[in-house]
Structure formats: C-alpha cells, structure tokens
Amino acid sequence: MRRALVGVAVLVALALVATVTFTVVTVRKPLPEVSGTQNVPGLTGQVTVHRDEQGVPQVYASTSEDLFAAQGYLHAQERFFEMDYRRHVTAGRLAELVGDVPAAIDADKVIRTFGWRDVAEEEWNLVSPESRSYLQAYAQGVNAYLADRSPDEIALEYTVLGTAVDVPDPAPWDPVDSLAWLKAMAWDLRGNYDDELDRALAYSTLEDVELVNELFPSFAEGGNTPILAESDLTVGDEGGARGSRSVTEVAWGDAALDGAVSSAAAAVEAVPVLVGTGEGTGSNSWVVSGDLTESGSPILANDPHLALDVPSLWSQVGLHCEQVGDDCPFDVAGFSLAGFPGVVIGHNADLAWGLTNMGADVTDFFVERIRDDTWLRDADAEEWEPMEVRSETIRVAGGDPVELEVRSTGHGPVVSSVVDVGAVVGSPTEAGTAFGEYAVSLSWTALEPGRTADAIFAMDAASDADDVQAAAALFDVPAQNIVFATTDGHIGYQAPGRVPDRRRVTGPVPADGTWPRPGWDPRYDWQGWVDAEDMPRALDPEEGFIVAANQAVLPSGAGPYLTQDWDHGFRSERIRELLGEQVAAGRPFTVTDMNGLQNDDWSPFAAELVPVLLDVELDDPYDAAGQELLAGWDYTTGTDSAAAAYFNAVWRNLLRATFWDDVPEGMRPSGGSRWLVVVRDMLERPEDPFWDDRSTVNVVETRDEALTQALVTARRDLTVELSKEPEDWSWGALHTLSLSHPVVGGEGVPALVRDYVNPRPVEMPGGSSIVNATSWDASTGSFAVTTGPSMRMVVDLGDLDGSTWVTVTGTSGHPGSAHYTDQLSAWAAGETFAWPFSRQAVEESAQDTATLVP
C-alpha cells in the first residue's frame, strides 16, 4: 500500500488551491494558546499543563476523567485535522472530506466492506465501564476545543480543502471515533497478509510449488536467533494448533482463481496507510538487566519502524494524577496517538514497556465459490448458505452519492469485488456453473469486537509482570511483542494478541495460513483463538537481556503456532551481537550506549554479499572502479559512504536482473530480509533457474552472469545519477527522506503550499534490515526512504529523568507552529532529547504553563 495513493489523488482535486493567499494570518490563525488560563467546559477541577522546549505537554489533574479530557483538548489543539482525517478513513467516509476523488471513493468502498466502524460500535459495549468513562472524557475535551471555532481556526488544511469543496464545521468527536482508530493500527500491522497473497501471485506465473517456496524461506533458514529460547519460557506454553506446512498440491483452481486473488490484492491496496506497512515495517526493542548496567537498574530501548509522514504518528505526552491511587491510577509518560486517550508506548513510575510487531498471522484469504447470493459452505455435502448482504451509501463532497452492496460469507467480507479491476470473478470454475464463481473473502481477527482499549489503559497503570500479562490478555489487535522492565529490577517479555487456532489439514494447500485456502472445505475454518495463557512469556532470562525485533518468538515447533512469515532477524542478530560484545568486555551499559546502538548502520547484506562480489572479475577498468570501493569497506552505511551507494545500487540491480522476469509486477522484490536469505542461498546454486533471464532466447544465464551484470549496471547507473567519479558518490545523496503531508503536500498543489507544509528532504544513513532501519523499496528503483524509526526512546529504570526520546517531526500538526518539525534534524542525526518525568524535573524544564479550568 502507498499512502500517496489517496494523497496524490486528493492533491489533483485541489488544483484550485492556487487561489489561496498564504498570509501570516492564514497560517497562524489555527495556532493554540499554550499558556495562561483556558476554560474547558466539562472539567471538574483545575488541570495544569507544563510544556517543555519541544512543546511536549505534561498534564496534572486530580481525576482520571479530567486527565483524559485535558489530553483530548490538547490533541485537538495541535492535531485535530489529523484526527479528523483518520476518523473519515476508518469510517469509510474519506470522500465526504476530500470530495469526488476516485482513490478516496475506492478506499471508502473497502473500509465499508470491512465494516471497521460497525465493529468499533460493537466494542463500545464490550470495553469496561472505566474505559468508557475515559473515552467519553477524552471526547468531551476534544469537543470543548472545537466549540465555537470555525474550520479555519482549527487547522490550515481546512482552508486549503475549502478551495475545492465545501468544508462544514467538523462533527463533534465521538468516543467510537477513538475505537475505530484502533482498527487502522491493526490493519497496518496485520502480519503476513502480503506474503499470503504473494505466494498465490507467484504461483500464477511460476506454476511450480517448489520455486514459490524457494522465494519464501523459513526463519530457520536465516540462521538467526529467536526472541526466546524454550528454556526462557515462564510456563510450558505448548497450547495452540500448528498448521500443516506440507504442500501436496496448490493448483486447485484455474485462471479464475488467479483473477480473484489479484482482485483481492487490488482491493486492499486501496486502503490509505495510516501507520505503515511493508517489509520495512517492524521495530527494534530490547531490554537489559540491571546486572549489566551502570545504574544497576534495567534499561529498555524501543524504536518502532513505520511509515514516516508529517505530522508524525506519535504525540508525546505525560499524564499524571495529582495523587496516584485506585481512583486515579495514572502517572505515565510516553507516546500517544492523536485520537485516542492514554499512552501506547512509554513508562510509568514502576514499569517501562516497548512494542514491536510480532507478525502473527491474523488474516486468511478464503477463495469462495458463490452462486447468486449464496456461498458453498461444504463441497462434499453440497451445502450452500445465504450470504449476508447489506447496502452502504458513500456520500461525496460536491458529488453524487455512491451506492455499495457488501456481501459476506461465514469467513468474512468478500473483498474481491470492491474495486473495479476488470473481469475478476466472472469465470466459472472447472466444475461448471453449478459450482458458481470464484470470489475472495477475508478473515481477520480485528473484525471481531475486542478489548484493546482496555489493554492500553491497563498497561498505563501496570507495575509488574502479572499486570503486563493481564493487559496482554486484553490486547486483541494488533499482535505486538511486549518487552518490559520494572524499577524493582525485573525484565521480561510477553506475547499478546488474538491469534487464530488453525487445525492440521492434509489437503490441497497448507492450513498454516501461508496460502489462500478453499472456502468450500470446512476443515480449513478457524477453530477459535489460541488461549491467552498459552502465549509465550518470560521473566528475567539467564542471558540478561531480551531482543525483540520482529524475528521468530520461539524456535520452530515450540509454543503455539503464530506464523511462518517472520522477519529473518538480521537486525535482531546485530543487536544481540553488539550487546553480547559489551557484556563480554565487562563494560556496563548506559543510556548513551543504547542511543548509539539504535543508530548502528552496519549492513548485514553487505557482510554476506560483498565477499562474493569481490570475486567477480571485471575486465574493463571503468566498470571495475565501482567494485574497487567495496575492498576494505567496513559495511557501514553513513550518508557520506561511496561504497554504500555502490553496494545498494548493485543489490537493486541484482534483484531486478534475477527476479523481475519470473514474478508478477505486484510482488517484485522489495529487497528486505527475506530476499537476502533467498539470494544468499541461491549463491550456492549457480545453475538455479532464477538466475536465468527468460527474455533472452536460447541463452541460459547463470549466477556469474547475473552478478557481473549487476556490478556493471550499478557503476553506469551511478555515473548518471551522481557522478562519473566513484569517489564523489555518497549514500545520502540517493537515500533521502522526503516527508509529505498526506492531503495537501503532494504534486498538484502549488509549490507555495507544498513547500510550506513539507519539510526539506534529509539525507539518511542506514537501510533495510539494518538496526537504523531506514528502509527503501528496491522494486520501485528508488533508494528513497519508505519507512523508518517513527520515534526512539531509551528508559533507564534507575533514573527515569535520565531517559531520552525523540519523534520524526514534532508535537504539533500545524505547519505554522515552531514544533511542527523542530525534532526532525535531531532525529535524522540520531540525537535525542531529555525526557523529564518527576514533577520537579518537569517544572524545571517547562517553557510554558497553562491552567485549564471548568
């Protein structure tokens, strides 16, 4: 998925924005007051807000409800357009906001088909009374800020949108708007959905199961270390069914099946990215025991790798009850999401926690046979059941409404007919029209109402491992690794999430969730969920540290079956290596050490491939000039590295030469960890069929031809892209981050507006599967940063005021604010800011103080 899909289309529709006169008054009008006394209807008492030099608010209130009402008020002050955009997306109402834009309407169709808003409304009655009171208080605070303010007083974006569509006053915030936002988080962090579709797409061209499997090696083939060893487990953790991994036959469909799967892929690609997806999406986290630190207390580090945009995803905040107790249990600081109360990642006075995407397989595509408005439930019994059918009306600002019919089987909504991609499911199956047509439905854990909202508040008030386990049992979606540490000296790991229980099946496709499955065979249906008691957890492992960076949770065969499609662990292995080296040297860890480790830019790709590349003989001195840069290179990828620029160009071209002729365009190699394992293994097979270029008639290429071509074309590409002289090349000149506002920051908007809302591009070190994971997508041909560390935090449990943090841009969503991008340069340079927590430290760092009163 690409965020630009909606953004660019919206910008085209906003061509009239040229009439906007960008005056100081226009851009500064939405800026909020950050000091003095402000009236906030609905508060029951006085609330104090201290803001530091970066504009981060620390909130002090006497009740939980006043605390969250104040947070809602502050979020609305700084980020309301971002909140409004998200709630329109999650409700399938984006076209109501941006107008008659085809991409927005397509996105609305998919979201309405999923029914995110409907599920969120069901969750409202499922979460605890306490959570409902917090969500209501938050909404009350948001609405207190919106009251009596016109759109142009709330956000600049409304002024820009107003040149193309009528912009009414924003609707009041509803608590369900916050719950719906959790669906966007779950969608963007949903696990192996892309791999499942890619297997089916690869088979459509390769028509060979073994060749498909070669492109999807298991984690064990990477040779790296899981998060936990079996000996680390706190309990036996042997629950949960394991799906079959054997494939006896995949070709159980025909061309209609390929069309249905392709249609499903096109449909879900229409959903705007709100958090971030792709192989670069992941995160680093680790925690080190106090036995190994200078302070004598644990240190925890976390940096989630997500899509990078302006404004940034995270909103830093501190939420403090004046008197912490049962009636007001919160004393927490960290990273919140504008649109939802509480802190998602951070620390309180007793416990710190970090999150990384666990990657559990929580989605399955079912290829269905449908006939009129019925679906084949059981082919053996010839059992047809009626589909659930409902009608949706998509309202379009300035355009005619769009009617949508949504159909669902017992497995979930039918997604294959949502986006018009031509003839998709019209072909009859091989058994004839009596068995209907093919369609694809989606089973996804987040389409079942859950209690993730309860989990967030529970984590904010947690103090020990038992509290973390209890919160994790409520953390239904998205499935995240939790690493934690306590001020009394413990470190631990907890796996949460609602994970499907899949039975073993001997049939045409595996039952482990790696391939789309036949909807007419009930043996493939989910059997419920893995019990929360069976989810892996550990406390104080003997090794003294825990690293969770999207690799496998446990060795193969241990614990419940979670997925087969893990990140292959090159980031986690590098972190483990550097931690182990310092432990062996006997040097205690500090916060500064952890900040340095988060910025490590050593490339495991280079370490694996450069020795092979140096063995290739290039006769032409001109071509060999690039190759010579690799000799003696230390494999680090700083912005000034000429060797890094050349190596990454070789890697891009090698993937193109090797795989583009074999796989569909939609699954061309991104260049992430899986592809490193694939290519590394192929190097041992010089005659592997993937080395051959199918476009060359009567010629069969082998490994050496492919490597030579990649080296030569990389030298020539960089001559054009950078300079004729290799010593003038630099990785940073190619590997840049260009942040773009999702609605008013792309092509089609006048340069005046675009330059104002978009920061200048910044050169970045790092790359895919590097600890400093500034990923790029080789399938696009560009080296531009696509995802990266959305924030960085390091928490010293022995000195909470000595902890550090940073986000990509800043605390404010207003382009006219001093805090719109004031953290960007520090973030890009790998620097962080002080993170005060105690009342004394907060007051000493305060630059502005506001008092909120009823």
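Just above, that's the structure.
Now for a look at the structure at hand. (Residues numbered from 1 in each chain as written. Predicted model: local features only at pLDDT ≥ 70, side-chain atom pairs only at ≥ 80, totals over all residues. Heavy atoms only, no water.)

## What about the overall build of the chain?
Here is step 1 of the chain: What the chain contains, in helices and strands, is 26 helices and 28 strands.
Here is step 2 of the chain: For the chain, whose C-alpha radius of gyration is 26 Å, the value lies close to the compact-globule estimate of 29 Å for 854 residues.
Here is step 3 of the chain: Taking the principal axes of its C-alpha atoms as reference, the chain extends roughly 80 × 65 × 65 Å.
Here is step 4 of the chain: The 854 residues of the chain split such that 64% are buried.
Here is step 5 of the chain: Sequence separation of 24 or more characterises 75% of the internal contacts of the chain that already satisfy a separation of 6 or more. (Helix = DSSP H or I, 4+ residues; strand = E, 2+ residues; numbered from the N terminus. Rg over C-alpha atoms; globule rule 2.2 N^0.38 Å. Buried < 20%, exposed > 50% of the residue type's maximum accessible area, 1.4 Å probe, protein only. Contact = heavy atoms within 4.5 Å.)

## Notes on the side chain of Asp 512
Here is step 1 of the chain: By secondary structure assignment, the location of Asp 512 is in the loop between strand E18 (491-494) and strand E19 (517-518).
Here is step 2 of the chain: Its relative accessible area of 1% is what places Asp 512 among the buried residues.
Here is step 3 of the chain: Side chain to side chain, Asp 512 and Thr 514 meet in a polar contact 2.7 Å long. (Polar contact = N/O pair within 3.5 Å; in protein donor to acceptor, adjacent residues only side chain to side chain.)

## Re the environment of Met 358
Here is step 1 of the chain: Along the polypeptide, Met 358 turns up in the loop between strand E9 (351-357) and strand E10 (363-371).
Here is step 2 of the chain: Met 358 sits in the buried class, given a relative accessible area of 0%.
Here is step 3 of the chain: Separated by 124 residues in the primary sequence, Met 358 and Ile 482 place their C-alpha atoms 8.8 Å from one another.
Here is step 4 of the chain: In this structure Met 358 touches Ala 479, Gln 480, Asn 481, Tyr 493, Ala 495, Pro 496, Met 535, Val 553, Leu 562 and Trp 566, once residues within four positions along its chain are discounted.

## Here's the deal with unusual backbone geometry
Here is step 1 of the chain: With an omega dihedral of 0°, the bond running from Val 310 to Pro 311 counts as a cis peptide bond.
Here is step 2 of the chain: Its location among the elements puts Pro 311 in the loop between strand E5 (299-307) and strand E6 (314-321).
Here is step 3 of the chain: A cis geometry characterises the amide bond from Val 477 onward to Pro 478, with omega recorded as -10°.
Here is step 4 of the chain: Its place among the elements puts Pro 478 in the loop between helix H15 (465-474) and strand E17 (480-486).
Here is step 5 of the chain: One non-glycine residue, Asn 550, lies in the positive phi region at around 75°.
Here is step 6 of the chain: Mapped onto the elements of the fold, Asn 550 is located in the loop between strand E21 (545-548) and helix H16 (570-585).
Here is step 7 of the chain: Under the relative-accessibility criterion, Asn 550 is labelled buried at 6%.
Here is step 8 of the chain: One non-glycine residue, Tyr 635, lies in the positive phi region at around 70°.
Here is step 9 of the chain: Take Tyr 635: it is sitting in the loop between helix H19 (621-627) and helix H20 (642-659).

## Points about empty space enclosed by the protein
Here is step 1 of the chain: In this structure the tally under the stated criterion is 10 cavities of 30 Å³ or more.
Here is step 2 of the chain: Reported here for the second largest cavity is a volume of approximately 150 Å³.
Here is step 3 of the chain: In terms of lining residues, the second largest cavity is bounded by 18 residues, among which Met 185, Leu 189, Trp 314, Ile 345 and Gln 480 are the most central.
Here is step 4 of the chain: For the lining of the second largest cavity, the elements supplying multiple residues, two or more each, are strand E4 (282-288), E5 and E9.
Here is step 5 of the chain: Its residues assigned to classes, the lining of the second largest cavity comprises 13 nonpolar, 5 polar and no charged. (1 Å grid on protein atoms, 1.4 Å probe; cavity = no way out; pocket = protein on both sides within 12 Å on 5 of 7 lines; lining within 4 Å. Points joined across faces, edges and corners; volume = space filled by probe spheres on them. Nonpolar A, V, L, I, M, F, W, Y, C, P; charged D, E, K, R; others polar.)

## A short note on the nonpolar core
Here is step 1 of the chain: The biggest cluster of nonpolar side chains holds 170 residues, and the ones touching the most others in it are Phe 114 and Met 358.
Here is step 2 of the chain: The element that contributes the greatest number of residues to this core is helix H3 (residues 64-90), accounting for 12 residues. (Core = buried A, V, L, I, M, F, W, Y, C linked by side-chain atoms within 4.5 Å.)

## Brief notes about the layout of surface pockets
Using a probe with the size of a water molecule, rolled over the atoms, empty space left in the structure can be pinpointed.
Here is step 1 of the chain: In this structure, the second largest pocket occupies an estimated 460 Å³ of space.
Here is step 2 of the chain: Together, 23 residues line the second largest pocket, and His 411, Gly 412, Pro 413, Leu 447 and Glu 448 are the ones closest to its centre.
Here is step 3 of the chain: Elements with a contribution of two residues or more to the lining of the second largest pocket: helix H5 (102-114), helix H6 (116-124), strand E13 (388-394), strand E14 (402-409), strand E15 (412-413) and strand E16 (437-444).
Here is step 4 of the chain: Within the lining of the second largest pocket, the residues separate by chemical class into 9 nonpolar, 8 polar and 6 charged.

The analysis is restricted to geometry; functional conclusions fall outside its scope.
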